[in-house]
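Descriptive analysis of the structure
Chain residues, written in single-letter form:
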Amino acid sequence: MATSKEAKAVLCLAILSSSSSSSEDEEFVALLKERVKLPKIKNFVDEVLNKLSDDQFQKYFRLQRTTVQLLINKFQNSKYFPKNDGHGGRVPIPAEVHTYAFLWFAGNKCTTKDVGQRFNITESSFHRVMDRFMGFLLELGPDIIKMPKSALELEQIEKEFRKVAGFPGVVGCIDGTSITIRTPAHKIKSTYVNRHDIPSLTLQGICDYKRRFIDVFTGIPGDGAYFIRPWLLTPYKDYGKLTPDQVNYNKKFCATRVLIENTFGILKSRFRQLTRLDMKSVVTATKIIISCCILHNFCINVDDVIIDDIEYEERFQEGARGETEWQQRKKGEDKRNNIKMSLI
């Protein structure tokens, strides 16, 4: 029985044969009959990766070798590793290739075709590899990205945040960043463009004092401001008439909230695929984003820290609307004023 690819080729040949022949048609038929095999790099893991020094390894993967080995071991023992599932009679793809391939893709600006060639697997096989490894990471997610729950945890986090700039009562810093994407297949571009008219997804994150995510969310762009609340403080707007105590408040506020900007900077610096995701599917793009956030926390938890090439955005956000909004804003402003006076 002919495969789907063979059936398509036969159909194309039938269409061509029904039309007037030409030298161009003959060349096209010849190309259809010839099965093109893209060259691949053989033994890349054994002959190249395993011979790299630890510093060279970290430069290529943006993770330490010990961190990657932990991930390999965890993935190999998970339900997502197909231990006896060779595709089309082929030898199953090892756990280390699954891990190396995904991390290479996430950490470098490259295409899925490039990764397939480098690790001696087909492009379609790499997509399966990526789905399995992201499934593995997403299952780990709730244990790696989580809000503090106990009073003791909250008290400890507040103490650590206060050490940054003396700002009291902080248990997390929140902000959003844009992840540039291609316009998804069969979607309207205007649905996904940000304020710069660039197709993107918004990643909202809340971080702790170690620059770990304690909450993440990704979706279509939303450039709305954060409104002041008793539980969500914003800086004073500077129209050139700030009092000295308001300036002091803003200074300490900014010195604390910069942690979330650093967090996004570290994330994008380590996982450079996030500078622009070239995925047709929104679902796949969001899985990659959240998977990278999980890996970000995983690395920090094992003291695998990266500090080079950090970039971050400056953006103060606030706004107000309606009677209920005014009431909430007033409570937030009262709290902000009390903190301002306590910092004098």
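Residues numbered from 1 in each chain as written. Predicted model: local features only at pLDDT ≥ 70, side-chain atom pairs only at ≥ 80, totals over all residues. Heavy atoms only, no water.

Brief notes about the packing of helix α4 (residues 54-61) against helix α6 (residues 95-107)
We count it as follows: Every axis corresponds to a line fitted to the C-alpha atoms, with the helix fit spanning only the stretch in contact, and the corresponding angles, defined between N-to-C directions, vary from 0 to 180 degrees. Helix and strand definitions here come from DSSP, where helices need a minimum of 4 consecutive H or I residues and strands a minimum of 2 consecutive E residues; each element is numbered from the N-terminal end. Whether two residues are in contact is decided by their heavy atoms: any pair within 4.5 Å suffices. We call Asp, Glu, Lys and Arg charged. Ala, Val, Leu, Ile, Met, Phe, Trp, Tyr, Cys and Pro are nonpolar, and the rest, Gly among them, are polar.
As a packed pair, α4 and α6 sit with axes 8 Å apart at the nearest point and diverge in direction by 60°. Contacts between α4 and α6 involve F57, Y60 and F61 from the first element and Y100, L103 and W104 from the second. Per-class residue counts for the contact of α4 with α6 are six nonpolar, no polar and no charged.

A look at the sheet that holds strand β3 (residues 213-219)
Short version of the rule: The criterion for strand pairing is that DSSP finds at least two bridges linking the strands in question.
The three strands are arranged β1-β2-β3 in an open sheet whose pairing can be described as antiparallel. The open sheet has two edge strands with one neighbour each: β1 (173-180) and β3. Taken over all neighbouring pairs, the strand axes of this sheet differ in orientation by 20° on average, direction set aside. Summarising the sheet, strand β2 (residues 200-207) and β3 pair through six bridges and their orientation is antiparallel.

What about the packing of α6 against helix α12 (residues 282-301)?
Our working rule: Throughout this description, any angle smaller than 35 degrees is read as roughly parallel, any larger than 145 degrees as roughly antiparallel, any in the 65 to 115 degree range as roughly perpendicular, and the remainder as oblique.
Remark: α6 packs on α12, axes separated minimally by 12 Å, with the N-to-C direction vectors making an angle of 100°. For the element pair α6 / α12, the angle class is roughly perpendicular. In this structure, α6 contributes F102, L103, F105 and A106 to the contact, and α12 contributes I288, S291, C292 and L295. For the contact of α6 with α12, the residue count by class is seven nonpolar, one polar and no charged.

Some words on the nonpolar core
Here is the rule: Put simply, a nonpolar core is a bunch of buried Ala, Val, Leu, Ile, Met, Phe, Trp, Tyr and Cys residues held in one set by side-chain atoms that sit within 4.5 Å of each other. The cut-offs for exposure are 20% and 50% of the maximum accessible area for each residue type, with area from a 1.4 Å probe on protein chains only; residues under the lower value are buried, those over the upper are exposed, and the others partly exposed.
Counting residues in hydrophobic clusters, the biggest one holds 73 residues, and the most contacted among them are L49, Y100, F102, F119, L274 and I288. Looking at this core, the element that brings in the most residues is α12, giving ten residues. Here I288 is in contact with F105, M130, M134, L274, L277 and M279, once residues within four sequence places are set aside.

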